[in-house]
Amino acid sequence: MTTHSSAFKVFRILALLGFAAFFFVPLLSLLDFSTQVPGTAPGRTWDAWTFMVTDERLRSAIIASLLLAVLTVAGMVVLLVPTMIWVRLRVPRASKLVEILCLLPLTIPALVIVVGITNVYSWIYYLLGGSPLTLTFAYIVLVLPYSYRALDSSLAAIDVTTLAEAARSLGAGWLTVIIRIVVPNIWGGVMSAAFISVALVLGEYVFSSLLHFETLPVVMAAIYQSYAQASMAAALASMALVAALLLGLTFLGRRRERKGMS
Amino acid sequence: MSSAQQQSGRPARVGRVGRLLPLVPFLLFVAIFLIVPVVTVAVGAFRDADGAFTTDNLGALTDYAAVKALRGSLVLAGSTALIGAVFGALLAWLIVSAGPDSLLKRLTLAISGVLAQFGGVILAFAWIATIGIQGVVTLALQHITGFNLYGNGWLFSIPGLIVVYTYFQIPLMVIVFAPAIEGLRVQWREAAVSLGATRWQYWRHVAVPLLTPAFLGCALLLFANAFAAYATAAVLVSQGQPIVPLLIRQAITSEVLLGGANVGFALALEMILVVAVVMGAYSLLVRRTSRWLQ
């Protein structure tokens, strides 16, 4: 596949330009729109961008979404990492069950879970109150498949059993084995899981809108009617953050790959 | 590692229970936040508002609105799966043919990874900013050619959703299909050529038959992806319920409709079934591909 005719090369350049236009024009339009002066007046303004900080409602939604991202990552790590390590070390027979449960949210649309989760959430409201941060529980389910895959591949790359045996024979307890021996060795996987979780949580709309919580995407959609430019600015800002996170993720993966090869 | 050695001095029964104990938080969590909701949907689909057994909710699935929404969803998922699969495969082929370690390939895969995750509110806004009534492209086209791209607001109905969904379907196809194209070994091509095959014959008799199961499998994945998507459509479409997810939204949010929640359960069950069938077929096809893709 090294020799290509010049006709193919021309076709490839034209096709790639077409794809690039399709994917980048909407993003540039978003930027263009967000800096327009509301109404039909000409000129440029960054008012819509500062609105993110100055507007009470939008600001608290941004804070809620960021806190949710942090809490979801923390909850996911606490719930999933010890479980997956323990399954590998002591109950390998349960590994298939854990895998199926973790990957289940891929085949069950999020909307279906929301439809069925209202009873659970009325209990949460009763026990914990109506803070948007209670969405953490639902979001941990949402990020379960992606986190599982990231953690599983990094666990498969190391010899957990030998590491654990060595530590145990030196007198380490199970908690020490998990926190101080295994986790530092799968740190790359933990970071990947965290990155993709943050990216998913920041854009999540299905749960938050239908359970009536004010997260960033919900407020973005709500203020669109009154101040479209601000919605667009917030959308582009969160898009940029998520893109940075996900590109960082691939960079991290490549570095790990290279380290593994050398 | 023998467990007898480690558990020495303790009864074996306690050892087994002790080994399963650390799994309890995880299993409990998944049970409450994943299994209970799904069971609620499955059971609720067969109950009326008072909790008695009924099949009326399933009957409601044959109502005009429900059938129309299902058809809309199938058209939307089917067309965007087809468009996404064809163009995604083309893009995957273009970047793979640029060489295994080319910058073009790495960059496109990284960007695809971002764009495939890019849905919901942001995506809806991006397209409103592009081809909405005040959209950048709409205004530019109107200025240059006088053509009104916005028309009668097609962006906010199924044709618009098709365009918008394609935006995340093509990158998803690139990610899942590029490994299959890369899996085609140079030796197979050399073997075909040394037996006198032309480039066309190689594609017709070797590459395309090999790639077909992977292509169909990936297309099914795209279908399920579009069928289950909700957020983008929820932001774009405010009038009518042209697809199943939006009909579910109406069923669970409207207080007026009697027993609306249970009809919502039935519709949700319908979604589970469609996605389960599609994903089942997907995993069968992927298993076929993974036989030679290593």
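Residues numbered from 1 in each chain as written. Chains lettered and ligands numbered in written order. Predicted model: local features only at pLDDT ≥ 70, side-chain atom pairs only at ≥ 80, totals over all residues.

Some thoughts on the overall build of chain B
Counting secondary structure elements, chain B contains 14 helices and 0 strands. For chain B, the succession of helices and strands along the chain, N to C, is α-α-α-α-α-α-α-α-α-α-α-α-α-α. Taking 2.2 N^0.38 as the reference for a compact globule, 294 residues should give roughly 19 Å; the C-alpha atoms of chain B span a radius of gyration of 25 Å, well beyond that estimate. Here the C-alpha coordinates of chain B stretch approximately 70 × 65 × 30 Å along the principal axes. Once local pairs closer than 6 in sequence are excluded, the contacts in chain B between residues at least 24 apart make up 74%. (Helix = DSSP H or I, 4+ residues; strand = E, 2+ residues; numbered from the N terminus. Rg over C-alpha atoms; globule rule 2.2 N^0.38 Å. Contact = placed C-beta atoms within 7 Å.)

With respect to the overall build of chain A
Scanning chain A from N- to C-terminus turns up 12 helices and 0 strands. Secondary structure elements in chain A, listed N-terminal to C-terminal, are α-α-α-α-α-α-α-α-α-α-α-α. Taking the principal axes of its C-alpha atoms as reference, chain A extends roughly 75 × 65 × 30 Å. The buried share of chain A, reckoned over its 262 residues, is 43%. Restricting to contacts in chain A with at least 6 residues of sequence separation, those with at least 24 account for 76%. (Buried ≥ 20, exposed ≤ 12 C-beta atoms within 10 Å, placed from the backbone.)

With respect to the interface of chain A and chain B
If you look at the interface, chain A gives 57 residues, while chain B gives 54 residues. The class makeup of the residues in the side of chain A that touches chain B is 42 nonpolar, 11 polar and 4 charged. (Nonpolar A, V, L, I, M, F, W, Y, C, P; charged D, E, K, R; others polar.)

Thoughts on unusual backbone geometry
Residue and element names in this part refer to chain A. Residue histidine 212 is not a glycine yet carries a positive backbone phi of 60°. Mapped onto the secondary structure, histidine 212 falls in the loop between helix 10 (206–210) and helix 11 (216–223). Owing to 11 C-beta atoms within 10 Å, histidine 212 belongs among the exposed residues under this scheme.

Some words on the nonpolar core
Of all hydrophobic cores here, the largest spans 171 residues; its most connected members are Met173 and Phe177 of chain B. Ranked by residue count, the leading element in this core is helix 3 (residues 56–89) of chain A, at 15 residues. (Core = buried A, V, L, I, M, F, W, Y, C linked by C-beta atoms within 7 Å.)

Considerations on the packing of helix 2 (residues 47–54) of chain A against helix 3 of chain A
Helix-helix packing: each pair is described by the crossing angle between the helix axes and the interaxial distance. Residue and element names in this part refer to chain A. At a minimum axis distance of 6 Å, the contact between helix 2 and helix 3 shows a crossing angle of 70°. Between helix 2 and helix 3, the crossing angle belongs to the class labelled roughly perpendicular. Contact residues: helix 2 offers Phe51, Met52 and Val53, while helix 3 offers Leu58, Arg59 and Ile62. Taken together, the residues of the contact of helix 2 with helix 3 break down into 5 nonpolar, no polar and 1 charged. (Axes fitted to C-alpha atoms, helices over the stretch in contact; angles between N-to-C directions. Parallel < 35°, antiparallel > 145°, perpendicular 65-115°, else oblique.)

Some points on helix 1 (residues 6–34) of chain A
Relative to the 42 Å expected for 29 residues at 1.5 Å per residue, helix 1 of chain A spans 41 Å between its end C-alpha atoms, a close match to the ideal helical length. Phenylalanine 24 of chain A marks the point of greatest bend in helix 1 of chain A, at about 35°, and the proline proline 26 of chain A comes within the next four residues. (Expected span 1.5 Å × (residues − 1). Bend = angle between axes of the 7 residues up to and from the residue.)

What to know about the environment of alanine 85 of chain B
Among the structural elements, alanine 85 of chain B can be located in helix 5 (residues 64–96). In contact with alanine 85 of chain B, other than residues within four places in its own chain, are Met173, Phe215, Cys218, Ala219 and Leu222 of chain B.

A closer look at the environment of valine 25 of chain A
Residue position: valine 25 of chain A is located in helix 1. A tally of 17 C-beta atoms within 10 Å means that valine 25 of chain A is categorised as partly exposed. Apart from residues no more than four positions distant in its own chain, valine 25 of chain A is found in contact with Thr130 and Val137 of chain B.

A look at helix 7 (residues 120–131) of chain B
An α-helix turns once per 3.6 residues; consequently, residues spaced three or four apart project the same way. Across its 12 residues, helix 7 of chain B extends 17 Å between first and last C-alpha, which sits within 8% of the 16 Å expected from 1.5 Å per residue. Of all 12 residues in helix 7 of chain B, 12 are buried, a share of seventy percent or more.

Section: the environment of glycine 196 of chain B
Relative to the helices and strands, glycine 196 of chain B is located in the loop between helix 10 (186–194) and helix 11 (199–228). In the structure, glycine 196 of chain B is positioned 23 residues away from alanine 219 of chain B in sequence and 33 Å away in space, judged by C-alpha atoms.

Details of the confidence of the model for chain B
Low pLDDT means the predicted coordinates in that region are not meant to be read closely. Residues and elements named next belong to chain B. Considering every residue of chain B, the mean pLDDT works out to 87; 92% of them sit at 70 or more. Confidence, read as mean pLDDT per element, is least for helix 1 (residues 3–6) in chain B (44) and greatest for helix 5 (95). Low pLDDT (under 50) marks residues 1–11, which in the prediction has 6 contacts with non-local residues, meaning those over four places away or in another chain. Overall fold confidence for the complex sits at a pTM of 0.88, while the interface term, ipTM, reaches 0.88. (pLDDT = per-residue confidence, 0-100.)

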